[in-house]
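One letter stands for each residue in the lines below.
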Amino acid sequence: MVIYGVGLLAFCFLAGTYLGDILGALLGVKANIGGVGFAMLFLILLSNKGIDAGWLDKKSQEGIAFWSAMYIPIVVAMSSIQNVAAAISGGMVAFLGGMLGAALAFILIPVLSKMSGK
């Protein structure tokens, strides 16, 4: 059922948005930096933890899988409307943020694969 797992998704979205706002404020940018990405990461980590710990039943897992599948096209649509040329010409923060995010993602691949135990 689709409604199951919406609470976890909402928590992850709010936590990611809050963390993105904090990161933006720390970098001196009046924008949310990476909030949706943080939310997706939280959703993946918490749903996997919930499945392993046994506190997510089958219906909740199916609901989370549905909303996870819906979340990715939404993120792609949101990112397609951003003006990359204006972001780069506006300063190096956007460029460095993207490079740092990509570098961290590559660095965390072995760490996350060891955490999964597979």
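Residues numbered from 1 in each chain as written. Predicted model: local features only at pLDDT ≥ 70, side-chain atom pairs only at ≥ 80, totals over all residues. Heavy atoms only, no water.

Engineer: Can you walk me through a nonpolar patch on the surface in this structure?
Structural biologist: Among the surface-exposed residues, Leu 41, Leu 45, Leu 100, Leu 104, Leu 108, Val 111, Leu 112 and Met 115 lie close enough to one another that they form a single nonpolar patch of about 690 Å² accessible area. Elements supplying a minimum of two residues to the nonpolar patch: α2 (35–53) and α5 (92–116). If you tally residues by element for the nonpolar patch, the top one is α5, at 6 residues. Locating Leu 112 in the fold gives a position in helix α5. (Patch = residues over 30% accessible without salt bridge, like charges linked within 9 Å, V, L, I, M, F, W, Y side chains within 5 Å. Areas by Shrake-Rupley, 256 points an atom, 1.4 Å probe, with all protein chains shown as cover. Salt bridge = Lys/Arg side-chain N within 4 Å of Asp/Glu carboxyl O. Helix = DSSP H or I, 4+ residues; strand = E, 2+ residues; numbered from the N terminus.)

Engineer: Looking at this structure, I do not really get the packing of helix α1 (residues 6–26) against α2. What am I missing?
Structural biologist: Working note: a packed helix pair is described by the angle between its axes plus the distance between those axes. Across the interface, α1 lies against α2 with an axial gap of 7 Å and an inter-helix angle of 140°. With respect to each other, α1 and α2 are oriented oblique. Where α1 crosses over α2, the handedness of that crossing is right-handed. Residue-level inspection shows Leu 8, Leu 9, Phe 11, Cys 12, Phe 13, Ala 15, Gly 16, Thr 17, Leu 19, Gly 20 and Leu 23 of α1 in contact with α2, the latter providing Gly 35, Phe 38, Ala 39, Phe 42, Leu 43, Leu 46 and Ser 47. (Axes fitted to C-alpha atoms, helices over the stretch in contact; angles between N-to-C directions. Parallel < 35°, antiparallel > 145°, perpendicular 65-115°, else oblique. Left-handed = near helix turned anticlockwise from the far one by under 90°. Contact = heavy atoms within 4.5 Å.)

Engineer: What's the story with the nonpolar core in this structure? I'm lost.
Structural biologist: Nonpolar side chains tend to gather and get buried jointly when the protein is soluble and globular. One finds Leu 8, Leu 9, Cys 12, Val 36, Ala 39, Leu 43, Leu 56, Ile 64 and Tyr 71 forming the largest nonpolar core, which totals 9 residues. Every element with two or more residues in this core is listed here: α1, α2 and α3 (58–80). Those residues in contact with Cys 12 that lie beyond four places of it in its chain are Ala 39, Phe 42, Leu 43 and Leu 46. (Core = buried A, V, L, I, M, F, W, Y, C linked by side-chain atoms within 4.5 Å. Buried < 20%, exposed > 50% of the residue type's maximum accessible area, 1.4 Å probe, protein only.)

Engineer: For this particular structure, what's the right way to read α1?
Structural biologist: Within an α-helix, residues lying three or four positions from one another point in the same direction, as the helix has 3.6 residues per turn. Taking 1.5 Å per residue, 21 residues should reach 30 Å; α1 reaches 30 Å between its end C-alpha atoms and fits that length. When we look at burial in α1, the residues that qualify are Leu 8, Leu 9, Cys 12, Gly 16, Gly 20 and Gly 24. Along α1, the residues classed as buried sweep out an arc of 130° about the axis, all on the same side. Summarising the geometry of α1, the exposed residues directed more than 90 degrees from the buried face are Gly 7, Phe 11, Leu 14, Tyr 18, Ala 25 and Leu 26. (Expected span 1.5 Å × (residues − 1). Arc of directions from axis to C-beta.)

Engineer: For this particular structure, what's the right way to read the layout of surface pockets?
Structural biologist: Any empty space left between the atoms is revealed when a probe the size of a water molecule rolls over them. In this structure, the second largest pocket occupies an estimated 330 Å³ of space. For the second largest pocket, the lining is made up of 10 residues, of which Leu 45, Asn 48, Asp 52, Met 115 and Ser 116 are closest to its centre. Residue assignment for the lining of the second largest pocket shows that the elements contributing at least two residues are α2 and α5. With 6 residues, the top contributor of residues to the lining of the second largest pocket is α2. Along the lines of polarity and charge, the residues of the lining of the second largest pocket split into 5 nonpolar, 2 polar and 3 charged. (1 Å grid on protein atoms, 1.4 Å probe; cavity = no way out; pocket = protein on both sides within 12 Å on 5 of 7 lines; lining within 4 Å. Points joined across faces, edges and corners; volume = space filled by probe spheres on them. Nonpolar A, V, L, I, M, F, W, Y, C, P; charged D, E, K, R; others polar.)

Engineer: When you look at the environment of Gly 101 in this model, what are you seeing that I'm missing?
Structural biologist: Structurally, the position occupied by Gly 101 is in helix α5. Residue classification places Gly 101 among the partly exposed residues on the basis of a relative accessible area of 38%.

Engineer: Would you mind going over the environment of Phe 38 with me for this structure?
Structural biologist: You can see Phe 38 is positioned in helix α2. A relative accessible area of 25% means that Phe 38 is categorised as partly exposed. Sequence separation between Phe 38 and Ala 15 is 23 residues; the distance between their C-alpha atoms is 7.9 Å. With sequence-adjacent residues up to four places away left out, Phe 38 is seen in contact with Gly 16, Leu 19, Gly 20, Leu 23 and Ile 33.

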